[in-house]
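Below are the chains, spelled out letter by letter.
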Amino acid sequence: MELLFIGNIPLPYGGVATHSFNLISALRKQGHTVTLIDTKPRYAKIDLPGVSVHEISVKGRQLIVAVIRFSLKYPLELFTLLKLPLRDLMKLISICDKVNEIVKSDKSINVIHSQHALERSLGAIYAAQQRHKKILVTIHGAEVTQLSIYKRHKACVQKVLQRATSLLAVSEFTKSNALSKITDPIKIWVVPNGVTTD
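Residues numbered from 1 in each chain as written. Predicted model: local features only at pLDDT ≥ 70, side-chain atom pairs only at ≥ 80, totals over all residues. Heavy atoms only, no water.

A.B. asks: So, the environment of Thr-145: which residues are in play, and what are the values?
C.D. replies: If you trace the backbone, Thr-145 turns up in helix 6 (residues 142–145). When its relative accessible area of 29% is taken as the criterion, Thr-145 is described as partly exposed. Measuring from C-alpha to C-alpha, the distance between Thr-145 and Thr-174 comes to 6.7 Å, with 29 residues separating the pair along the chain. The residues touching Thr-145, leaving out its near neighbours within four places in the chain, are Phe-173, Thr-174 and Asn-177. (Helix = DSSP H or I, 4+ residues; strand = E, 2+ residues; numbered from the N terminus. Buried < 20%, exposed > 50% of the residue type's maximum accessible area, 1.4 Å probe, protein only. Contact = heavy atoms within 4.5 Å.)

Structure follows, in structure tokens:
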């Protein structure tokens, strides 16, 4: 399997970053090809042997080009997304552009896997739909269980929950909260965080 993974890895260490690192490492050990879009570019990183790592640009000329491309492809969507905080909207557009670029150049990618039902996943969904790729989104919890985060990202979270090819939740609690946020019933698989090394 060839996988495009969207998330962040250590440094710094954190729950989702460590989970992502372990998951990518386990997939590589099983012989899968993994390409990573690191959503939190930084200077120091843990090395991931055999993984092609890409970063997104949320400023400068590259971002301007990405915004123009997005507004031409998705003018009505862009209008509905203007409710998002500007930083989140720019991240969404940057990720959409980067996913399009990678999948266009590497047609062997089978699946796109994104962490969190937030702007990074919605940007990936737009690109995945355009490139006819399946997208799996892991809901880690805060985006559907913490009211302040959900209110800030409501439009984005609802679109991710309705448009992803498949959804994973890290607990039954997260799953039930996600299901309460949308009107159309969807299938969400529960897979607790962890990696089996057997």
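There is more to say after this.
A.B. asks: Describe the packing of helix 5 (residues 119–131) against helix 7 (residues 147–163), and please don't skip the residues or the numbers.
C.D. replies: Relative orientation of the contacting elements helix 5 and helix 7 amounts to 45 degrees, with a least axis distance of 9 Å. It follows from the interaxial angle that helix 5 and helix 7 lie oblique. Two packed elements cross with a definite hand, and for helix 5 against helix 7 that hand is left-handed. Contact residues: Glu-119, Ser-121, Leu-122, Ile-125, Tyr-126 and Gln-129 in helix 5; His-153, Cys-156, Lys-159, Val-160 and Arg-163 in helix 7. For the contact of helix 5 with helix 7, the residue count by class is five nonpolar, three polar and three charged. (Axes fitted to C-alpha atoms, helices over the stretch in contact; angles between N-to-C directions. Parallel < 35°, antiparallel > 145°, perpendicular 65-115°, else oblique. Left-handed = near helix turned anticlockwise from the far one by under 90°. Nonpolar A, V, L, I, M, F, W, Y, C, P; charged D, E, K, R; others polar.)

A.B. asks: A description of the sheet that holds strand 2 (residues 33–38) should follow, citing residues and the corresponding values.
C.D. replies: Taken together, the seven strands give an open sheet; going across it, the order is 3-2-1-4-5-6-7, and neighbouring strands pair in parallel fashion. Each edge of the sheet is formed by a strand with only one pairing partner; in this case those strands are strand 3 (52–55) and strand 7 (188–190). Within this sheet the neighbouring strands show an average axis-to-axis angle of 20 degrees, counted without direction. In this structure, strand 2 lies alongside strand 3, joined through four bridges in parallel fashion. Bridged to Ile-37 within strand 3 is His-54. On top of the sheet, helix 4 (residues 86–105) reaches strand 1 (2–7), strand 2, strand 3 and strand 4 (111–115); it is set at about 165 degrees to strand 1, its chief contact. The sheet strands contacting helix 8 (residues 172–179) are strand 5 (134–139), strand 6 (166–169) and strand 7, and the helix crosses strand 7 at an angle near 165 degrees. (Pairing = 2+ DSSP bridges.)

A.B. asks: Residue-level account of the environment of Gly-60, with values.
C.D. replies: Mapped onto the elements, Gly-60 comes out in helix 2 (residues 60–73). The class of Gly-60 is partly exposed, set by a relative accessible area of 43%. Linking Gly-60 and Phe-70, residues ten residues apart in sequence, is a C-alpha distance of 16 Å.

A.B. asks: How would you explain the pattern of salt bridges if you had to name every residue and give the values?
C.D. replies: Across all of its chains, the model carries five salt bridges by this definition. Close ionic contact of Glu-101 with Lys-98 constitutes a salt bridge, the shortest N to O distance being 3.5 Å. In this pair, Glu-101 and Lys-98 are both assigned in helix 4, three residues apart and thus about one turn of the helix distant. Take Lys-98: its relative accessible area is 10%, and that puts it in the buried class. Connected via shared salt-bridge partners are Glu-77, Lys-159 and Arg-163. (Salt bridge = Lys/Arg side-chain N within 4 Å of Asp/Glu carboxyl O.)

A.B. asks: So what about the packing of aromatic side chains? Which residues, and what values?
C.D. replies: Two measures describe an aromatic ring pair: the distance that separates the ring centres and the angle between the ring planes. Counted by the stated rule, this structure contains three aromatic pairs. Plain terms: the ring middles of Phe-70 and Tyr-126 are 5.5 Å apart, the flat faces sit at 70 degrees to each other, and that makes the pair edge-to-face. Pair noted here: Phe-70 is in helix 2 and Tyr-126 is in helix 5, with a separation of 56 residues, a long-range link. Judged on exposure class, the residue Phe-70 and its partner Tyr-126 are both buried. Taken together, a centroid distance of 5.0 Å and an interplanar angle of 35 degrees make the contact between Tyr-74 and Tyr-126 tilted. Residue Tyr-74 is located in the loop between helix 2 and helix 3 (75–81), and its partner Tyr-126 is located in helix 5; the two are separated by 52 residues in the primary sequence. Summarising the burial analysis for this pair, Tyr-74 and Tyr-126 share the class buried. (Phe/Tyr/Trp six-rings, centres within 6.5 Å; stacked < 30°, edge-to-face > 60°.)

A.B. asks: Tell me about the pairing of strand 1, and please be specific about residues and values.
C.D. replies: Of all the six residues making up strand 1, five are buried; the element is thus mostly covered by neighbouring parts of the structure. Where strand 1 and strand 2 come together, six bridges link them in parallel fashion. Directly across from Leu-3, in strand 2, lies its bridge partner Val-34. In terms of strand pairing, strand 1 meets strand 4 through four bridges, oriented parallel.

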